[in-house]
Amino acid sequence: MRKKNSRILITGAAGFLGSHLAERFLERGAQVIGIDNFITGRVENIDHLFKNPSFRFIQADVTNFIHVPGKLDGVLHFASPASPIDYATYPIPTLKVGALGTHKALGLAKDKGAKFMLASTSECYGDPLVNPQPETYWGNVNPIGPRGVYDEAKRFAEALTMAYHRYHKMQVRIVRIFNTYGPRMRKKDGRAVPNFITQALKNRPLTVYGKGRQTRSLCFVSDLIDGILRLFDSDLNTPVNIGNPREMSILQIARAIKKQTGSRSRIVHKPLPADDPRVRRPDIRIARTKLGWTPKVPLEEGLARTIDYFRSGC
Ligand code: UDP
């Protein structure tokens, strides 16, 4: 569905995913209002959008009251620190943006009669006891561990979103985003892919935490954004996993990056962080059957594009 005159608000618009999303909505003819407070977002990610007359930007913290004049057709709440290092650095802002920020964004969507979308996460499943994880799995989360600030805020955000759907009859979309990589990730956001690429390009040791047997499933950002747009356009009010089901160990991912960069780096092992999920792989049957979505970009191609981005010094 391509609505020419739609007006969309994206929180976290200067972030990795928010900026790609803003770009794609502009490409399909929407007007986009971006909000970010630049805790982890970067103006470089949206620099190129400012020359587009359909793009507006508000520097604000979405945990405070949001005032946007005029109509809105969609509110997409993508603001949040999202890497384990970031939410350890900003634990209280992480809790606030997931809880208070979701409340404010929902309130704005309700006021405008807009569709609401929540950027949720595979972290809702915690350290999962079933693999792959279907949307029906309730998860295995430590509420008071270092990741609890993110996981519980997102779980609360899902509960709040479903309450607005049931009580206020709002149209809501909840996307459970699995590990995603690609251009515009911050070099120093602490996650595995940017760490390994940065280390490999400098021929420094690749830091694999623990034995590296824990698994993740990496989705390239363009695939993820396609899935998000399909979900936004659908009529599914319950959570949907979007991610790539190709599951690999962290050691395999480190080796793939070493090979693809042609690096002379060694692989070294560092302590495994607390509560680090041992496995993670999305069950994407709902996305496949109800949205007609499957990821298309092979790891090798996605990595090549991400390595180019990091090489270019961004
Ligand atoms: N990891 C690693 N070395 C790094 C950074 C991360 O071995 O330099 C591991 C981390 O312990 C986890 C996996 O890679 O098992 C993915 O971590 P990331 O921070 O990318 O995201 P997560 O999926 O844990 O949210």
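For the structure itself, consult the block above.
The notes below deal with the structure included here.

Conventions used here
The numbers attached to residues start from 1 for each chain and follow its sequence in the written order. At least 70 in pLDDT is required for a residue's local features to be given in this predicted model, at least 80 for side-chain atom pairs to be given and counted, and no such filter applies to totals for whole chains, interfaces and linings, which use all residues. Side-chain numbers come from the whole structure's heavy atoms, not from hydrogens or water. By the criteria applied, helices consist of DSSP H or I runs no shorter than four residues and strands consist of E runs no shorter than two, each listed in order from the N terminus. Each radius of gyration reported is based on C-alpha atoms, and the globular scaling rule is 2.2 Å times the count of residues to the power 0.38. Accessible area is worked out with a 1.4 Å probe on protein chains only. A residue is then buried under 20% of its type maximum, exposed over 50%, and partly exposed in between. What makes two residues a contact is simply this: any of their non-hydrogen atoms within 4.5 Å. Using a 1.4 Å probe, the Shrake-Rupley method yields the accessible areas, and only the shown protein chains count as cover for residues. Counted charges follow a simple rule, with Lys and Arg positive, Asp and Glu negative, and His plus the chain ends left uncounted. Charged side chains are reduced to one point each, which is NZ for Lys, CZ for Arg, CG for Asp and CD for Glu. Working rule for helices: expected span equals 1.5 Å times residues minus one. Nearness here has a simple test: a residue counts as near a molecule or strand if at least one of its heavy atoms is within 4 Å of that partner. Polar contact criterion, stated in full: a pair of N or O atoms within 3.5 Å, where within protein one must be able to donate a hydrogen and the other to accept it, and residues adjacent in sequence count only if both atoms are side-chain atoms. In the scheme used here, Gly and all other residues not listed as nonpolar or charged are polar, with Ala, Val, Leu, Ile, Met, Phe, Trp, Tyr, Cys and Pro taken as nonpolar and Asp, Glu, Lys and Arg as charged. Salt bridges are counted wherever a side-chain nitrogen of Lys or Arg sits within 4 Å of a carboxyl oxygen of Asp or Glu. Among buried residues, those of type Ala, Val, Leu, Ile, Met, Phe, Trp, Tyr and Cys that are joined through side-chain atoms within 4.5 Å constitute a nonpolar core.

A tally of helices and strands in the protein chain yields 9 helices and 13 strands. Rg of the C-alpha trace for the protein chain: 19 Å, near the compact-globule value of 20 Å for 314 residues, within the 12% margin. Taking the principal axes of its C-alpha atoms as reference, the protein chain extends roughly 55 × 45 × 40 Å. Burial analysis of the protein chain (314 residues in total) assigns 56% to the buried set. Long-range pairs, those at least 24 residues apart, make up 81% of the contacts in the protein chain with a sequence separation of at least 6. Carbon and sulfur atoms make up 54% of the accessible area of the protein chain, which amounts to about 14100 Å² in all. In the protein chain, the 49 positive side-chain charges and the 27 negative ones have mean positions that sit 2 Å from each other.

For the peptide bond that leads from asparagine 131 to proline 132, omega is -5°, which places it in the cis range. With respect to the helices, strands and loops of the structure, proline 132 is situated in the loop between strand S5 (115-121) and helix H4 (148-168). Phi is positive for phenylalanine 38, which is not a glycine, with a value near 65°. Mapping phenylalanine 38 onto the fold places it in the loop between strand S2 (31-36) and strand S3 (55-59). Of note in this structure, arginine 184 is not a glycine but carries a positive phi near 85°. Overall, the relative accessible area of 13% leaves arginine 184 in the buried class.

To continue, consider helix H6 (residues 221-233). Taking 1.5 Å of rise per residue, the 13 residues of H6 would be expected to cover 18 Å, and the 18 Å separating its terminal C-alpha atoms lies within 8% of that figure. Buried residues of H6: Val221, Asp223, Leu224, Ile225, Gly227, Ile228, Leu229, Leu231 and Phe232, and no others.

Okay, the site of the ligand next. Taken together, 18 residues sit near the ligand, with Thr207, Tyr209, Arg216, Asp276 and Arg280 positioned nearest. Take arginine 147: an N or O atom from its side chain is 2.9 Å from an oxygen atom of the ligand. Here an oxygen atom of the ligand sits 2.7 Å away from a polar atom, N or O, in the main chain of tyrosine 209. When the free accessible area of the ligand is taken as 520 Å², the share hidden by the protein chains comes to 95%. Its residues assigned to classes, the shell around the ligand shows 7 nonpolar, 5 polar and 6 charged.

Turning to the pattern of salt bridges, a few remarks are in order. Tallied over the full model, the rule gives 15 salt bridges. As a salt-bridge pair, glutamate 158 and arginine 176 come within 2.7 Å of each other at their nearest N and O atoms. Within this pair, whereas glutamate 158 is found in helix H4, its partner arginine 176 is found in strand S6 (residues 172-177), the two being separated by 18 residues in sequence. Each member of the pair, glutamate 158 as well as arginine 176, is classed as buried. Through salt bridges with shared partners, a single network forms among Glu123, Arg147 and Arg280.

Here we take up the nonpolar core. Membership of the largest hydrophobic core comes to 59 residues, with the highest contact counts inside it found for Ile10, Leu21, Phe25, Leu76 and Phe78. When residues of this core are assigned to their parent elements, the largest contribution, 7 residues, is made by H6. Those residues in contact with isoleucine 10 that sit more than four places away from it in its chain are Gly18, Leu21, Ala22, Phe25, Val32, Ile33, Gly34, Ile35 and Leu76. Grouped together as the second largest cluster of nonpolar side chains are 24 residues, Leu9, Val97, Leu118 and Ile174 included.

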